Amino acid sequence: MEKLLEIRWHGRGGQGVVTASELLAETALEDGGYFQAFPDYGSERMGAPIRAYTRISSSPIRQHCQISEPDAVVVFDSTLIGVVDFTEGLKDGGALVINTTLPPDEVRRRLGLGHGRVYTVDATSIALSTMKRNIPNTPMLGALLRAIDVVKKDDLIKVITERMGGRMSKEMVKANIEAMEQAFNETREDRI
Amino acid sequence: MTLKGWREIPIGGLIIDAGNSKEYETGSWRIKRPVVDMDRCSHCLICWVYCPDSAILVEDTRFAGIDLVYCKGCGICASECPRKAITMVDEAQARKGDHDDHQD
Amino acid sequence: MTTRTEYVKGTPVALDGDRAVAEAMRQVNPDVVAAYPITPQTEIVQRFSEFVANGEVDTEFIAVESEHAAMSACIGASAAGGRAQTATAGAGLALMWEVTWVAAGTRLPIVMHVVNRSLSAPLNILCDHSDSMGVRDAGWIQLYAETIQEAYDDAIQAVRIAEHPDVMLPTMHTLDGFVLGHSLERIEVLPDEVVRGFIGTYNPRYSLLDVDHPVTFGPNDYHDYFFEHRRQQIEGMERALDVIPQIGEEFGALTGRRYGLVEGYQLDDADFAIVALGSINGTVKVVVDELRRQDRKVGLLKVRSFRPFPADKVAQALGGKRAIAVLDRSFSFGAQAHPLFLEVLTALYTHGFTPGMANYVFGLGGRDTLPWQIRQVYDDLAELEGVVSAPVRYLTVRE
């Protein structure tokens, strides 16, 4: 990957948004890439809408500012529709990846989004069935990998295993990887 | 006294000559002077323990006088003395006495 | 975050700024760390406490009741001959203010890691430079980092700079809160033994614990000698102008990353220049690259050392430019212009240069600054001629 890819994450405090932004960034390291991952939050807590950002590039990344024109936007929670303007600045041809039970064309209709690609996945159900907890971050990473060519899935599995292995049971790590794979397979797409 | 230049003094205001407070003769601050009634003194050395200026002179574990070069006349010794053997007297009066003694 | 106990030279890892600084502290293995957690520095203290609990450092960690106590404990530890460090941010640094002067005046080579945060009120935990600018006159060396790599590298070099016999001044290095502190970047962490070799051991000339050579620290010092002691501090600062790049070169020979007092970027043939401190320099570099592709002669001067301020280097780098914009991420209420601008203006004037100059205040309280806003600054400079009577502008503030 030659060019800079910029991803903006939207979710609520407690959903693992910042962890997802960092897992993706760390995965880029496996391929010798450069990256940044950073949150945009104040002192908000569980449930408050938050944003995070990831930049990935094959060359050093210098800018230290937020991402206003993302290549991809990942939304962890469909209840943010109408609450947060998460499609703001989404590039032409950019990808919107959202956790919802709705089909992608319906999401596009509700948002009135006239450009970009829309991807949907029921990450909450996947998280609940695999991990028994509503933390949809690893499934949303799986869905993102379907939408854009950013890192290798095997590298992501390696990083999830290493990083989550330090603080979770083997079963939980396995469940996270399963959730990511399942979401990757079940993600639906709508292109214009 | 010639004051030194900034290149000649230790940095940070440090005082590196141990024990140089000896050069500071605090006896000049004194307006009251402790006078000891040796008939009452039991040589308990409570005054030596309390003196903030190490001005109680001791010889062979016995009270041997007050070092007036450093005694500031604070009166702690007089206050602490269990036998009330120390009285604080006016320094000017005491000096007059010194002068009279000298004339003798 | 993946913690790697064995770092391999040349192998990058992913660390956020706070953890990178905590890693540097672990490698330096100070004798004493006294610190109080405060956003956005918390992860430094949290992580370092884990190192202490796990026996990965020999440090005596003092969980103090305030930042004033943190600095006071560092002063005691440093006077006792130990390597003492602390970390703070924003209001914590403000509470420390009184004792920062004591540390500097007593010439104690304490190292402080500052994660820049604005000062209340209104309450704000995000980045600007009001905290470190608030102690700019206290007698501490101040280094500002553009990247997490620089923050890590500064954390190590700060030990050598502070303890250099020609300097003997406390040293703070700063990283922008959240922007670097909570951002994950690719950095190289040196192997532990390389860091330990670089910093060596600290052999204080005077120490409270050296009972064979008793010393008094912090005596009264009045009109007879106080001024002379201040003059010595000034000398220490001036000598740091030689020592900082010297240690930066030595560090560069070891790591390939050389450090000086300032860093010019596309500056030699530039007509228009921006001058800045901290992480914004990265964003400016991106804009410089973009404008250079359009054949616009623009450049950047990054100031790494704000205290001491390298006036000669700044004048040398900027002399002859047509117009200069100085970006300040702090504000001095009632001043004619703001800290970095006034330094740059003085440096240029005293070296005989009078280019067009403008002072942009930006990023207060964590306000984001985007590349197009920096482009606007360069566009403004092209219009600027001669001395400007009202040089202060506010970038991104809404009317």
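Described in the following lines is the structure provided in the data block. Everything numeric here is computed off the predicted structure, so don't read it as measured data. (Residues numbered from 1 in each chain as written. Chains lettered and ligands numbered in written order. Predicted model: local features only at pLDDT ≥ 70, side-chain atom pairs only at ≥ 80, totals over all residues. Heavy atoms only, no water.)

1. Remarks on the nonpolar core
Burial of nonpolar side chains together is a common tendency in soluble globular proteins.
Then comes step 1: In terms of nonpolar packing, the biggest core is built from 51 residues, with C:L15, C:I141, C:Y152, C:I156, C:I187, C:V189 and C:I244 touching the most fellow members.
Then comes step 2: Here this core gets nine residues from one element, more than from any other, and that element is helix α7 (residues 148-163) of chain C.
Then comes step 3: Setting aside anything within four residues of it in sequence, one finds C:I244 in contact with C:I141, C:L143, C:I161, C:Y259, C:G260, C:L261, C:R304, C:S305 and C:P308.
Then comes step 4: The next biggest cluster of nonpolar side chains, apart from the first, holds 50 residues, and it includes A:I7, A:A143, A:I157 and A:A175. (Core = buried A, V, L, I, M, F, W, Y, C linked by side-chain atoms within 4.5 Å. Buried < 20%, exposed > 50% of the residue type's maximum accessible area, 1.4 Å probe, protein only. Helix = DSSP H or I, 4+ residues; strand = E, 2+ residues; numbered from the N terminus. Contact = heavy atoms within 4.5 Å.)

2. Details of the pattern of salt bridges
Then comes step 1: Considering all chains together, one arrives at 45 salt bridges over all chains under this definition.
Then comes step 2: For A:E22, the salt bridge goes to A:R163, with nearest N and O atoms at 3.0 Å. Highlighted residues: A:E22 in helix α1 (residues 17-30) and A:R163 in helix α5 (residues 153-165), separated in sequence by 141 residues. Just as A:E22 is buried, A:R163 falls in that class too.
Then comes step 3: A salt bridge links C:K302 to C:E263; its shortest N-O distance comes to 2.8 Å. With a gap of 39 residues between them, C:K302 in strand β11 (residues 298-303) and C:E263 in strand β9 (residues 262-265) connect regions that are remote in the sequence. (Salt bridge = Lys/Arg side-chain N within 4 Å of Asp/Glu carboxyl O.)

3. Concerning the sheet that holds strand β3 (residues 60-63) of chain C
In a beta sheet, neighbouring strands are held together by backbone hydrogen bonds and run either parallel or antiparallel to one another.
All names here are of chain C.
Then comes step 1: Strand order in this open sheet of seven strands is β3-β2-β4-β5-β7-β6-β12, and the pairing throughout is mixed. At either margin of the open sheet sits one strand with a lone partner, and together these are β3 and β12 (305-307). Between one strand axis and the next, the sheet turns by 20° as a mean value, whatever way the strands run.
Then comes step 2: The pairing of strand β5 (residues 111-116) with strand β7 (residues 171-176) spans six bridges and is parallel. The residue of β7 that forms the bridge with N116 is D176.
Then comes step 3: Docked against the sheet, helix α3 (residues 67-79) engages β2 (32-35), β3, β4 (84-88) and β5, running at close to 165° with respect to β4. (Pairing = 2+ DSSP bridges. Axes fitted to C-alpha atoms, helices over the stretch in contact; angles between N-to-C directions.)

4. As for the interface of chain C and chain A
Then comes step 1: Contacts between the two partners involve 28 residues from chain C and, on the opposite side, 23 residues from chain A.
Then comes step 2: Surface buried jointly by chain C and chain A totals about 2100 Å² across both partners, of which 57% is contributed by carbon and sulfur atoms.
Then comes step 3: Here chain C and chain A share one salt bridge between them.
Then comes step 4: For the pair chain C and chain A, the interface holds 12 residue pairs in polar contact (both at pLDDT 80 or more).
Then comes step 5: Taken together, the residues of the side of chain C that touches chain A break down into 14 nonpolar, eight polar and six charged.
Then comes step 6: The sheet contact formed by strand β2 (residues 34-40) of chain A and strand β8 (residues 184-188) of chain C spans two bridges and is antiparallel. Across the sheet, the residue bridging to A:A37 is C:L184, located in β8(C). (Buried area = accessible area lost by both parts, 1.4 Å probe. Polar contact = N/O pair within 3.5 Å; in protein donor to acceptor, adjacent residues only side chain to side chain. Nonpolar A, V, L, I, M, F, W, Y, C, P; charged D, E, K, R; others polar.)

5. Observations regarding the arrangement of the chains
Then comes step 1: The structure contains two pairs of chains in contact, of which chains A and C account for the largest number of contacts.
Then comes step 2: When C-alpha atoms are compared, chain A and chain B, though not in contact, are closest at a spacing of 40 Å.

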